[in-house]
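One letter stands for each residue in the lines below.
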Amino acid sequence: MSCLFGSSLGTDTSNNIMEPQSQNLKTAPFLTLGRFHISEDYGFLLPNPLRELPGHYRPWMEIANRLPQLIENHQLRAQVNEMPLLNCQFLTGYREWRLARLVLSFITMGYVWQDGETQPEEILPRNLALPFVEVSRNLGLPPILVHSDLVLANWATRNPGGPLEIRNLDTIVSFPGGESLRGFILVTVLVEKAAVPGIKALVQAVNAILQPSPDSLLQALQQLRVSIQDITGALGQMHDYVDPDIFYAVIRIFLSGWKDNPALPVGLVYEGVSKEPLSYSGGSAAQSTILHAFDEFLGVRHSKQSAEFLHRMRDYMPPSHRAFVEEIRMAPSVRAHVLSSGNGQLLTAYNQCVESLAALRTHHLALVTKYLITAASKAKARRTSHLPRPPRALEARGTGGTAVVSFLKSVRDKTLEARLHPSG
């Protein structure tokens, strides 16, 4: 749930520089995670991300490794302007491409927002724009920082044999924000990890309907409920590791995009790619595949406006993850199956999943209130502070432009409406 406290109004379909990769997925009688490049151990997280690129790309890595200091000292743009234009042909293997994208997306956000919202850079230089767009096309993603960069490919264990806990985790690339930025990213990594049993439960449940096996379906629904509750618990660690004032005043701007953002109203020119500015949304929790998959599985139906936004955010997911959500949507309806089965245990288990998902969304809403709405009020009231003046363009709104509180209330309320009532 990266960019957890921001949501946005989606992509601009007129930006035709993206070529979505065709999946060519063969229809299999039973669902498996492997078909969608989803890890049995890590879910949507990239397993064991690389930390170093080949020597040819040292100029990128040297900047990425000093990114917070370069931004804070207002030296990043000068460093990037002297960077050589590097060819992507020496990148081999999926994990190298993902690390290249992680590095280039972070450098891009830092370059645009180095001097804050009052002086955003409106042109991305070709030595950054060309490789960033090439890597993005290769991976089927838009050329802007998204959840799959910020979180899914941006974690490493300090002790490889140790547990996935905050104290044993680190980020690979960072922005200003110190421990709060580290906490924001790594708590979200733990949210993704907590979702793994739930993702497996979806697969088990779909296959249990196809077989059919009521016992296996009941077990899967119970596992999904526990996983959703574990996600809520993991999300609660934000309170321990992320300072709301630092999130609001320091971190947030680097997650902001150039669509529906008054600070960059026409978008960003990618030099050597397009003469016209291109608009892409900032980060959003909705770029995480978890809740999309859970919603489709449980048959949650959102309002027209919310659904349009959520569907646009799927363009910001890795294509294979997007395909998994679509596969869940096309699978036999668990809701209809439970209702027609007349099985009281299944109905109770289904409703408990729905209620747990609504509770997760209530918790997320409380976090947004603390880290966005309350933090904005406090920032306005402060006359002097060691913190920079927070961005005003997106005051009390998500990093991409939506009225985030009303959006989250709507998706929570629509989730509860999915509860089933026994017939007769």
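Basis of the calculations
Residues numbered from 1 in each chain as written. Predicted model: local features only at pLDDT ≥ 70, side-chain atom pairs only at ≥ 80, totals over all residues. Heavy atoms only, no water. Helix = DSSP H or I, 4+ residues; strand = E, 2+ residues; numbered from the N terminus. Buried < 20%, exposed > 50% of the residue type's maximum accessible area, 1.4 Å probe, protein only. Axes fitted to C-alpha atoms, helices over the stretch in contact; angles between N-to-C directions. Parallel < 35°, antiparallel > 145°, perpendicular 65-115°, else oblique. Left-handed = near helix turned anticlockwise from the far one by under 90°. Contact = heavy atoms within 4.5 Å. Nonpolar A, V, L, I, M, F, W, Y, C, P; charged D, E, K, R; others polar. Phe/Tyr/Trp six-rings, centres within 6.5 Å; stacked < 30°, edge-to-face > 60°. pLDDT = per-residue confidence, 0-100. Polar contact = N/O pair within 3.5 Å; in protein donor to acceptor, adjacent residues only side chain to side chain. Core = buried A, V, L, I, M, F, W, Y, C linked by side-chain atoms within 4.5 Å. Salt bridge = Lys/Arg side-chain N within 4 Å of Asp/Glu carboxyl O. Expected span 1.5 Å × (residues − 1). Bend = angle between axes of the 7 residues up to and from the residue.

(A) Broad picture of the overall build of the protein chain. Helix and strand content of the protein chain: 17 helices and four strands. Taken over 424 residues, the protein chain has a buried fraction of 59%.

(B) A look at the packing of helix α8 (residues 196-210) against helix α9 (residues 214-235). Look at α8 against α9: their axes get within 8 Å of each other, and the N-to-C directions meet at 160°. Between α8 and α9, the angle falls in the class roughly antiparallel. Crossing angle aside, the handedness with which α8 passes α9 is left-handed. Side by side, α8 and α9 meet where Pro197, Gly198, Ala201, Leu202, Gln204, Ala205, Ala208 and Ile209 of the first sit next to Ser216, Leu217, Gln219, Ala220, Gln223, Leu224 and Ser227 of the second. Tallied by class, the residues present in the contact of α8 with α9 amount to nine nonpolar, six polar and no charged.

(C) Spotlight on the packing of aromatic side chains. Per the stated rule, a full pass over the model turns up 10 aromatic pairs. Taken together, a centroid distance of 4.2 Å and an interplanar angle of 15° make the contact between Phe106 and Phe175 stacked. Placement of Phe106 in helix α4 (residues 94-113) and of Phe175 in the loop between β3 (169-170) and α7 (178-194) is noted, with a sequence separation of 69 residues between them. The buried category is assigned to Phe106, whose relative accessible area is 0%.

(D) Looking closely at the confidence of the model for the protein chain. Averaged over every residue, the pLDDT of the protein chain is 89; residues scoring 70 or more account for 88%. In this model residues 1-28 is a low-confidence stretch, pLDDT under 50, and it forms 113 contacts with partners more than four residues away in sequence or in other chains.

(E) Region of interest: the environment of Arg329. Take Arg329: it is sitting in helix α14 (residues 319-330). Taking the relative accessible area as the measure of exposure, Arg329 reaches 39% and is therefore partly exposed. For the pair formed by Arg329 and Phe297, sequence separation is 32 residues and the distance between their alpha carbons is 6.6 Å. Within the local environment of Arg329, its side chain forms a polar contact with the side chain of Glu326, the two groups lying 2.5 Å apart.

(F) Summary view of unusual backbone geometry. A cis amide bond links Gln211 to the next residue, Pro212, at an omega of -15°. Tracing the backbone through its elements, the reader meets Pro212 in the loop between α8 and α9. Residue Asp260 is not a glycine yet carries a positive backbone phi of 60°. When you line up the elements, Asp260 lands in the loop between α11 (244-251) and β4 (269-270). When its relative accessible area of 35% is taken as the criterion, Asp260 is described as partly exposed.

(G) Highlighting the nonpolar core. In terms of nonpolar packing, the biggest core is built from 138 residues, with Trp60, Phe175, Trp258, Phe297 and Phe324 touching the most fellow members. Looking at this core element by element, the count peaks at 16 residues for helix α16 (residues 344-381).

(H) Representation of the environment of Ala205. For Ala205, the position within the fold is in helix α8. Along the chain, Ala205 and Ser216 lie 11 residues apart, while their C-alpha atoms are 7.0 Å from each other. Each residue touching Ala205, except ones within four places of it in the same chain, is listed here: Leu217, Ala220 and Phe297.

(I) A look at the side chain of Arg412. Tracing the chain through its elements places Arg412 in helix α17 (residues 404-416). For Arg412, a relative accessible area of 16% puts it in the buried group. Among residues more than four places away in sequence, those in contact with Arg412 are Ala358, Arg361, Thr362 and Leu365.

(J) Expanded view of the pattern of salt bridges. Applying the stated criterion to the full structure yields 16 salt bridges. Here Arg35 ties to Glu327 by a salt bridge, and the two come within 3.2 Å at their closest N and O atoms. Taken together, the positions of Arg35 in the segment before α1 (58-65) and Glu327 in helix α14 put the pair 292 residues apart, joining distant regions of the chain. Owing to a relative accessible area of 18%, Arg35 belongs among the buried residues under this scheme. One salt bridge connects Glu40 with Lys200, and the closest N-O pair in it is separated by 3.9 Å. Of the two residues, Glu40 is situated in the segment before α1 and Lys200 in helix α8; the sequence distance between them amounts to 160 residues.

(K) Layout of α16. The end-to-end C-alpha distance of α16 is 54 Å, a good match for the 56 Å that 38 residues give at a rise of 1.5 Å each. When the local axis directions of α16 are compared, the greatest deviation, roughly 35°, occurs at Thr369.

(L) Summary view of the environment of Leu278. Along the chain, Leu278 falls in the loop between β4 and α12 (289-298). Spatially, the C-alpha atom of Leu278 lies 8.4 Å from that of Lys259, the residues being 19 residues apart in sequence.

(M) Main features of α11. Counting buried positions along α11 gives seven out of eight residues, so the element sits mostly inside the fold. Restricting attention to buried positions, one finds in α11 the residues Pro244, Asp245, Phe247, Tyr248, Ala249, Val250 and Ile251. Sitting at the amino-terminal end of α11 is Asp243, which places a side-chain oxygen 2.8 Å from the backbone nitrogen of Asp245.

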